[in-house]
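Now for the letters of each chain:
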Amino acid sequence: MAELVVTMDGVETHHVQLKKHRTSLGRKNQNDIVLTDLSVSGLHCVFEREGSDELWIQDVGSTNGTYVNDERVYQRHSLDDQDVISIGVYVIRYVERQAPAEVGLTAPMRLEDLGAPGSDGARQARLQVLEGYSSGLEIPLIKTVTTFGRPGDAVVAIYHRRHGYFIALVEGGERPAFHNGQAIGADARLLADQDIVELTGSKILFKLG
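These lines cover the structure that appears in this document, whether it is placed above or below. This is a predicted model, so every value here is computed, not measured.

Criteria and cut-off values
- Residues numbered from 1 in each chain as written.
- Predicted model: local features only at pLDDT ≥ 70, side-chain atom pairs only at ≥ 80, totals over all residues.
- Heavy atoms only, no water.
- Pairing = 2+ DSSP bridges.
- Helix = DSSP H or I, 4+ residues; strand = E, 2+ residues; numbered from the N terminus.
- Buried < 20%, exposed > 50% of the residue type's maximum accessible area, 1.4 Å probe, protein only.
- Lys, Arg positive; Asp, Glu negative; His and termini not counted.
- Salt bridge = Lys/Arg side-chain N within 4 Å of Asp/Glu carboxyl O.
- Contact = heavy atoms within 4.5 Å.

1. A closer look at the sheet that holds strand 18 (residues 178–179)
Hydrogen bonds between backbone atoms are what pair the strands of a sheet, whose relative direction is either parallel or antiparallel.
Reasoning step 1: Taken in spatial order, the 6 strands make up an open sheet running 14-13-22-21-18-19, and their pairing is antiparallel. One side of each edge strand has no neighbouring strand; the edge strands of this open sheet are strand 14 (138–140) and strand 19 (182–183).
Reasoning step 2: Bridge analysis of strand 13 (residues 125–131) against strand 14 gives 3 bridges, and the strand direction is antiparallel. From the neighbouring strand, Arg126 faces strand 14, where its bridge partner is Pro140.

2. With respect to the sheet that holds strand 6 (residues 54–59)
Reasoning step 1: Here we have 5 strands laid out as an open sheet, ordered 4-3-5-6-9, and mixed in their pairing. With one partner strand each, in any of the chains shown, strand 4 (33–34) and strand 9 (77–79) form the two edges of the open sheet.
Reasoning step 2: Relative to strand 6, strand 5 (residues 45–50) is paired through 6 bridges, and the arrangement is antiparallel. When the bridges of strand 6 are listed, Cys45 appears paired with Asp59.

3. Describing the side chain of Asp37
Reasoning step 1: You can see Asp37 is positioned in the loop between strand 4 and strand 5.
Reasoning step 2: The side chain of Asp37 sits in the buried core without any salt bridge; Arg27 is the nearest counter-charge, 8.0 Å away.
Reasoning step 3: Aside from chain neighbours lying at most four places away, what touches Asp37 is Arg27, Val89, Tyr90 and Val170.

4. Some remarks on the pattern of salt bridges
Reasoning step 1: In this structure the tally under the stated criterion is 7 salt bridges.
Reasoning step 2: We note a salt bridge from Glu50 to Arg76, for which the minimum N-O separation is 2.6 Å. Of this pair, Glu50 sits in strand 5 while Arg76 sits in the loop between strand 8 (71–72) and strand 9, and the two are 26 residues apart along the sequence.
Reasoning step 3: A salt bridge links Glu131 to Lys203; the shortest N-O distance between them is 3.9 Å. One end of the pair, Glu131, is in strand 13; the other, Lys203, is in strand 22 (residues 202–208), with 72 residues separating them in the sequence.
Reasoning step 4: By relative accessible area, which is 45% here, Glu131 ends up partly exposed.
Reasoning step 5: In this structure Lys203 comes out as partly exposed when scored by relative accessible area, which is 25%.
Reasoning step 6: Connected via shared salt-bridge partners are Arg22, Glu48, Glu50 and Arg76.

5. Quick look at the environment of Leu191
Reasoning step 1: Position of Leu191 among the secondary structure elements: in the loop between strand 20 (189–190) and strand 21 (196–199).
Reasoning step 2: Judged by relative accessible area, Leu191 falls into the buried class, the value being 1%.
Reasoning step 3: The sequence separation of Leu191 and Phe166 amounts to 25 residues, and the corresponding C-alpha distance is 5.4 Å.
Reasoning step 4: Setting aside anything within four residues of it in sequence, one finds Leu191 in contact with Ile158, Tyr165, Phe166, Ile167, His179, Val197 and Phe206.

The following block contains the structure:
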């Protein structure tokens, strides 16, 4: 089964099996693959299967374009195994898999299923707002990627990977974000239970388990 492995800043955010004949990708929720960064158009591109071993990509008039192996594609383009697709801040590797045919919908795999029993990748996490406008609020981290912050100030993302939860800067601003008192940058940092994240006047506790 053909797969797409989506990364941002070196952190895996989605792992998608292409089971439908037509799979849409974009920022809006009605797409099969939803990438929430503003560098992605509402409907950015589509993937189309032909037969059992051909996959095509088609940009659908996106603002920032679709690139395959660093070349912008304007027309319907055939994909080969290990091709690298660039869409906004995301890098997507196309991987061909030989497996029995299945019937179903394109859907991200649950990354917690890939974590070893008892590992951070298999444990549920949540955020608790300690200080700020929403003080006392608890937010379960149920998505593969959760972004928070305010445009103009720092915007960060928490990524659920097979070995745990990681935090990285998505968009910088006038006020930085901090993880345990250290500025958060583009390089992903591993989160541990009871870590403190500070941004835009809020102090947030990361809770694991």
